[in-house]
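# Chain and residue survey
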Amino acid sequence: HEAEAYWFTEGVTRHLARDLLFRYGLISAAETAAEVEGLASLLATSPLARLSNTELGKKPTAAVPFLIARGALYAMRVNALLREKSKNKRSLDNVLRELYARAAEQKAAALPVTAWTDALVKDLGEGERAAFVNAIDLGKPFELPDTALGPCFRKVTRSYVGFDIGFDEEATRRSKPQKLVGLIPGGPADKAGV
């Protein structure tokens, strides 16, 4: 399924775009942090979180935002590890340039996923192959390094509240005559005047 590649084609691209916009001063540190927080919250709260890349690829309409978030955050993680290990001499940009040159040399429309993992293993060690499988193929949660966004940012833990409509939706649907059941005082439905 085409969507199985979205972690790369859309997710890695999103990371690169955000990184470039920030480096050129076109988005602020607050906007950068908000983007990353939004992606992280999607991964933390999505009911799709436990699905593998293959399973997500079969549901592209529902899974596209999730596949993009997973790929963008994974790319941010890899970039931070590359910069840290090389003392800022190498980054994801270098790896991508090398992969692009290889694809052009081979006149390949697309390289296999193993080209990606092989390139990362060269810089980060054999453990990165398993990290890729866990993060992308299996969809297991992964930690972002404290330096993932650079020295201007610090990593914090956030709590995410799952969406709550503010009343008992199932009981409301079953009620005869139909009436609102279980309104939570001060909840979203109450605040909306339902």
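Residues numbered from 1 in each chain as written. Predicted model: local features only at pLDDT ≥ 70, side-chain atom pairs only at ≥ 80, totals over all residues. Heavy atoms only, no water.

Our focus in this paragraph is the pattern of salt bridges. Counting across every chain of the model gives 13 salt bridges. The closest approach of N and O atoms between Lys155 and Glu143, which form a salt bridge, is 2.8 Å. With a gap of twelve residues between them, Lys155 in the loop between helix H7 (127-137) and helix H8 (169-174) and Glu143 in the loop between H7 and H8 connect regions that are remote in the sequence. Accessibility expressed as a relative area gives 40% for Lys155, which makes it partly exposed. By relative accessible area, Glu143 is classed as exposed at 60%. A salt bridge links Glu169 to Arg173; the shortest N-O distance between them is 2.5 Å. In this pair, Glu169 and Arg173 both sit in helix H8, four residues apart, roughly one turn of the helix. (Salt bridge = Lys/Arg side-chain N within 4 Å of Asp/Glu carboxyl O. Helix = DSSP H or I, 4+ residues; strand = E, 2+ residues; numbered from the N terminus. Buried < 20%, exposed > 50% of the residue type's maximum accessible area, 1.4 Å probe, protein only.)

Following the criterion strictly, the structure yields nine aromatic pairs and no others. Residues Trp7 and Phe8 carry aromatic rings whose centres are separated by 5.4 Å and whose planes lie at 70° to one another, so their mutual orientation is edge-to-face. Each ring, one from Tyr74 and one from Phe132, has its centre 5.8 Å from the other, and the planes form 65°; the classification is edge-to-face. Here Tyr74 is found in helix H4 (residues 60-85), whereas its partner Phe132 is found in helix H7, with 58 residues between them in sequence. For the pair Tyr74 and Phe132, a shared accessibility class is recorded, and that class is buried. (Phe/Tyr/Trp six-rings, centres within 6.5 Å; stacked < 30°, edge-to-face > 60°.)

Look at helix H1 (residues 6-23) against helix H5 (residues 92-106): their axes get within 12 Å of each other, and the N-to-C directions meet at 130°. One way to sum up the angle between H1 and H5 is to call them oblique. In the packing of H1 onto H5, the handedness of the crossing is left-handed. Of H5, the residues touching H1 (which contributes Phe8, Val12, His15, Leu16 and Arg23) are Leu92, Asp93 and Leu96. The class makeup of the residues in the contact of H1 with H5 is five nonpolar, one polar and two charged. (Axes fitted to C-alpha atoms, helices over the stretch in contact; angles between N-to-C directions. Parallel < 35°, antiparallel > 145°, perpendicular 65-115°, else oblique. Left-handed = near helix turned anticlockwise from the far one by under 90°. Contact = heavy atoms within 4.5 Å. Nonpolar A, V, L, I, M, F, W, Y, C, P; charged D, E, K, R; others polar.)

A few words now on the environment of Thr13. Position of Thr13 among the secondary structure elements: in helix H1. Between the C-alpha atom of Thr13 and that of Ala192, which follows or precedes it by 179 residues, the distance is 38 Å.

This part takes up a nonpolar patch on the surface. On the surface, Leu20, Leu21, Tyr24 and Leu26 cluster together to form a nonpolar patch covering roughly 440 Å² of accessible area. A residue is classified by how much of its surface remains accessible, and Tyr24, at 63% relative accessible area, is exposed. (Patch = residues over 30% accessible without salt bridge, like charges linked within 9 Å, V, L, I, M, F, W, Y side chains within 5 Å. Areas by Shrake-Rupley, 256 points an atom, 1.4 Å probe, with all protein chains shown as cover.)

When the terminal C-alpha atoms of H1 are compared, their 24 Å separation across 18 residues agrees well with the 26 Å that a helix rising 1.5 Å per residue should span. Those residues of H1 that sit buried are Tyr6, Trp7, Gly11, Val12, His15, Arg18 and Asp19. Viewed end-on, H1 has its buried residues packed into an arc of 160°, placing them on one side of the element. Just beyond H1, the residue with positive phi is Gly25, at close to 75°. (Expected span 1.5 Å × (residues − 1). Arc of directions from axis to C-beta.)

Within H7, burial applies to Glu128, Ala131, Phe132, Ala135 and Ile136. Projected down its long axis, H7 carries its buried residues within an arc of 100°, all on one side. After H7 finishes, the residue Gly139 shows a positive phi value of roughly 75°.

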